[in-house]
Amino acid sequence: NAEMQWPTIKLSDGKEVRLDDAAYTQYRQSPVRADRDAVFRAFFGIHKTFQNTYGTALDAGVQAHLFRRDVWTSYETSQRARSVPMRFLDLNAEAFATLDLDGPIESVPTVLVLQRGKEIGRIPGYVGPEFFFHSIDRLLAKAP
């Protein structure tokens, strides 16, 4: 919502309203059908301009959920997890800023293989358990 340029519309009574979330909730209940229609079209018209952002965010959430369900649960019960534990980090946390990464995180989930806070490899995006275990073994084999 921070980047959203909320639309302003003129209602049938001449009143101009800025349609943020609260105003949409209020004016979508207008007894005047033309006002309800104008409110709906303006409010969701501005949201349509963000459809790719919404789609990308939704996809990232789904991929992260699948990773936790399909990969992480398998990894947590593996022999490998005893010596190389996996943890989840918030990209906005202070601890994340102290890591020495090879580049930005561009997809969610991304598994980083770190040694003393320095990246030695990564697996970007969702991969199924078989590919994940193959990739993690390859990355750990090349670790110093």
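Everything in this summary refers to the structure shown in the same document. (Residues numbered from 1 in each chain as written. Predicted model: local features only at pLDDT ≥ 70, side-chain atom pairs only at ≥ 80, totals over all residues. Heavy atoms only, no water.)

Observations regarding the pattern of salt bridges
- A complete count under the given rule lists six salt bridges for this structure.
- With its nearest N and O atoms 2.6 Å apart, the salt bridge here joins D70 to R69.
- Since its relative accessible area comes to 49%, R69 is described here as partly exposed.
- Among the salt bridges present, the one from D100 reaches K118, with a minimum N-O distance of 3.7 Å. One end of the pair, D100, is in the loop between helix 5 (94–97) and strand 3 (110–115); the other, K118, is in strand 4 (residues 118–124), with 18 residues separating them in the sequence. (Salt bridge = Lys/Arg side-chain N within 4 Å of Asp/Glu carboxyl O. Buried < 20%, exposed > 50% of the residue type's maximum accessible area, 1.4 Å probe, protein only. Helix = DSSP H or I, 4+ residues; strand = E, 2+ residues; numbered from the N terminus.)

Observations regarding the layout of surface pockets
- Estimates place the volume of the largest pocket at around 810 Å³.
- Taken together, 29 residues make up the lining of the largest pocket; nearest its centre are M86, R87, T110, V111 and L112.
- Broken down by element, the residue count for the lining of the largest pocket peaks at six residues, all from strand 3.
- Tallied by class, the residues present in the lining of the largest pocket amount to 21 nonpolar, five polar and three charged. (1 Å grid on protein atoms, 1.4 Å probe; cavity = no way out; pocket = protein on both sides within 12 Å on 5 of 7 lines; lining within 4 Å. Points joined across faces, edges and corners; volume = space filled by probe spheres on them. Nonpolar A, V, L, I, M, F, W, Y, C, P; charged D, E, K, R; others polar.)

Examining the packing of aromatic side chains
- A complete count under the given rule lists 11 aromatic pairs for this structure.
- Here W6 and F43 contribute two aromatic rings whose centre-to-centre distance is 5.8 Å and whose plane-to-plane angle is 5 degrees, an arrangement assigned as stacked. Of this pair, W6 sits in the segment before strand 1 (8–10) while F43 sits in helix 2 (residues 33–48), and the two are 37 residues apart along the sequence.
- For W6, a relative accessible area of 13% gives the class buried.
- Look at F43 and you get buried, because its relative accessible area is 5%.
- Ring geometry for Y24 versus F44: centroids 5.4 Å apart, planes at 85 degrees, classification edge-to-face. (Phe/Tyr/Trp six-rings, centres within 6.5 Å; stacked < 30°, edge-to-face > 60°.)

Some words on helix 6 (residues 129–141)
- For helix 6, which comprises 13 residues, the first-to-last C-alpha distance of 18 Å matches the rise-based estimate of 18 Å (1.5 Å per residue) to within 8%.
- Tucked into the core, helix 6 has its buried residues touching helix 3 (51–76), helix 4 (79–83), strand 3 and strand 4. (Expected span 1.5 Å × (residues − 1). Contact = heavy atoms within 4.5 Å.)

Regarding the packing of helix 3 against helix 6
- Running from N to C, helix 3 and helix 6 point in directions that differ by 50 degrees, and their axes come no closer than 10 Å. When the axes of helix 3 and helix 6 are compared, the pair comes out oblique. Relative to helix 6, the crossing made by helix 3 is right-handed. When helix 3 is examined against helix 6, the residues F67, D70, V71, S74 and Y75 are found in contact with a partner set consisting of P129, F132 and F133. (Axes fitted to C-alpha atoms, helices over the stretch in contact; angles between N-to-C directions. Parallel < 35°, antiparallel > 145°, perpendicular 65-115°, else oblique. Left-handed = near helix turned anticlockwise from the far one by under 90°.)

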